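One letter stands for each residue in the lines below.
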Amino acid sequence: MPSIPTSTGTSGFPLRAILGVFKLRIGVVITLTALTGLAVSPGPGLGPLQLLVLTLSVLVSSASAGAFNQYYEYASDRLMSRTSKRPFATGEIQHGPVWLLIIVALLILSVAAAWLALNAWSALFVFLGAFFYAVVYTVWLKRRTWMNIVLGGLAGSWAVLAGASASDPQLGAVPLSLALVLFLWTPPHFWSLAIAFRADYANAGVPMLPVVVGDEKAAQAIFLGTLCLVAASMLPLAFGLGVIYLIGAALGGLVFIQKAWQLTRRPDRQSAMSCFHASLLQLTLVLLAAIADAQLAF
């Protein structure tokens, strides 16, 4: 069996670099969204083995998509300060076809495990999450349109549905509304980062919204998108979630709205990063509050 290619200049096994290829921090967030979908699903709970399979299948499929993103973009990553130290870009890990085989094998393994241990619907959503990030966003849209992250943002929505359908393939209103929240969350989250690194994206030829329309108009779009997101985050209250969810969603939403408004007043790097971090806080509070509310209700 061929070994994983690494740069000849690297001594020892570059474990940290290999873990970096798979974007595990993003994978953990995606996995949390899937577990939230499971928690708010009205169907029967999963057994311990099934829960483990769901967790690992979503994490591994997300990791495979993240690795493909870096594999496919290794040349353009060198043009951006934010991504220039990624292992494929630096040559710490050698870019080659073996890595593509590993990525595809991990995706197949994760989808097959979900199919066998859970059901076909959950497996389909696990696949779609990876497909939308790796192919729809990275290959088809990223360099063609400013809508890249809008449509590519469906990757997180599929993870919610993967978790919900693992319990009950007939999706309920709460997981569907949370999938909408994930869809609306991605653009203001990522456009905030794109304002902070607009020069990078322009240099790499990526038409992120701030590159296309400028920071001021992008900040206005972020604010409007945040308002729509926070409004949508209240929908689960109409379908059964209660006070705990309301508190978490309201607190996170208010912080995000405040930072997005400040960004419209001062669309600079500092405000953009503050808004970016507020988006992470908002999503975390929504997901954890949804899990806590649903579990206490059951």
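Scope of this entry: the structure provided in the associated data block. (Residues numbered from 1 in each chain as written. Predicted model: local features only at pLDDT ≥ 70, side-chain atom pairs only at ≥ 80, totals over all residues. Heavy atoms only, no water.)

Quick word on the side chain of Thr138
Heads up, the rule is: Helical segments are the DSSP runs of H or I of at least four residues, strand segments are the runs of E of at least two, and each set is numbered from the N terminus. Throughout this description, buried means an accessible area under 20% of the type-specific maximum (1.4 Å probe, protein chains only), exposed means over 50%, and partly exposed covers the range between. Any N or O atom pair separated by 3.5 Å or less is treated as a polar contact, with the protein-specific requirement of one donor-capable and one acceptor-capable atom, and with residues adjacent in sequence counted only for side-chain atom pairs. Contacts are assigned to residue pairs with any non-hydrogen atoms lying within 4.5 Å of each other.
The residue Thr138 is located in helix 7 (residues 120-141) in this model. By relative accessible area, Thr138 is classed as buried at 1%. Within the local environment of Thr138, its side chain forms a polar contact with the side chain of Asn69, the two groups lying 3.0 Å apart. In this structure Thr138 touches Asn69, Tyr72, Glu73, Tyr133 and Arg143, once residues within four positions along its chain are discounted.

Some details on the pattern of salt bridges
Operational definition: The term salt bridge refers to a side-chain nitrogen of Lys or Arg lying within 4 Å of a carboxyl oxygen of Asp or Glu.
Using the criterion set out here, one finds five salt bridges in the structure. The partner of Asp268 in a salt bridge is Arg266, with the nearest N and O atoms 3.2 Å apart.

Brief notes about unusual backbone geometry
Look at Lys23: it is not a glycine, yet its phi comes out positive at around 45°. Relative to the elements of secondary structure, Lys23 occurs in the loop between helix 1 (15-21) and helix 2 (24-39).

Some remarks on the packing of aromatic side chains
Selection rule: Any two rings among Phe, Tyr and Trp, with Trp reduced to its six-membered ring, count as a pair given centres within 6.5 Å; such a pair is stacked if its planes are under 30 degrees apart, edge-to-face if over 60, and tilted if neither. Each ring is checked for a lysine NZ or an arginine CZ that lies within 6 Å of its centre and within 35 degrees of its normal; such an atom marks a charge sitting over the ring.
Evaluation of the coordinates by the stated rule reveals 14 aromatic pairs. Aromatic pair Phe125 and Trp158: ring centres 5.8 Å apart, planes at 15°, arrangement stacked. A residue pair is termed long-range when its members are at least 10 positions apart, and Phe125 in helix 7 and Trp158 in helix 9 (residues 154-167) qualify at 33 residues. Phe125 gets classed as buried once you look at its relative accessible area, which sits at 7%. Classification of Trp158 as buried rests on a relative accessible area of 17%. By the ring-pair criterion, three or more aromatic residues cluster together here, those being Trp121, Phe125, Phe127, Phe131, Phe132, Trp140 and Trp158. When the ring centre of Phe197 is taken as reference, the NZ or CZ atom of Arg82 above it lies at 5.9 Å. Above the ring of Trp261, the side-chain terminus of Arg265 is found at 4.5 Å from the ring centroid.

Some details on the environment of Cys228
Of note, Cys228 is situated in helix 13 (residues 215-232). With 68 residues separating them along the chain, Cys228 and Val160 place their C-alpha atoms 19 Å apart.

Examining the nonpolar core
Condition: Note on terminology: a nonpolar core comprises buried Ala, Val, Leu, Ile, Met, Phe, Trp, Tyr and Cys residues joined through side-chain atoms within 4.5 Å.
With 84 residues, the main nonpolar core has Trp99, Leu178, Tyr201 and Tyr245 as its most contacted residues. Broken down by element, this core gets its largest block of residues, twelve residues, from helix 10 (residues 173-196).

Digging into the packing of helix 13 against helix 15 (residues 243-265)
Here is the rule: Only the contacting stretch of a helix is used when fitting its axis, a line to C-alpha atoms as for every element, and angles between N-to-C directions run 0 to 180 degrees. By definition in this entry, angles of less than 35 degrees are roughly parallel, angles greater than 145 are roughly antiparallel, angles of 65 to 115 are roughly perpendicular, and the rest are oblique. Should the near helix be turned anticlockwise from the far one by less than a right angle, the crossing is left-handed, and should it be turned clockwise, the crossing is right-handed. Amino acids are sorted into nonpolar (Ala, Val, Leu, Ile, Met, Phe, Trp, Tyr, Cys and Pro), charged (Asp, Glu, Lys and Arg) and polar (every other residue, Gly among them).
In contact at an axis separation of 8 Å, helix 13 and helix 15 are set at 165° when each is read in the N-to-C sense. As summarised for this structure, helix 13 and helix 15 are arranged roughly antiparallel, according to the angle between their axes. Along this stretch, helix 13 crosses helix 15, giving a crossing that reads as left-handed. Contacts between helix 13 and helix 15 involve Ala219, Gln220, Ile222, Phe223, Thr226, Leu227, Leu229 and Val230 from the former and Gly253, Phe256, Ile257, Ala260, Trp261, Leu263 and Thr264 from the latter. In terms of residue class, the contact of helix 13 with helix 15 is made up of eleven nonpolar, four polar and no charged.

Notes on the environment of Met208
With respect to the helices and strands, Met208 occurs in the loop between helix 11 (198-204) and helix 12 (209-213). Residue classification places Met208 among the buried positions, given a relative accessible area of 0%. Sequence separation of Met208 and Lys142 is 66 residues, and the distance between their C-alpha atoms is 8.0 Å. The contacts of Met208, once residues within four sequence positions are left out, are Tyr137, Lys142, Asn148, Phe190, Ala194 and Tyr201.

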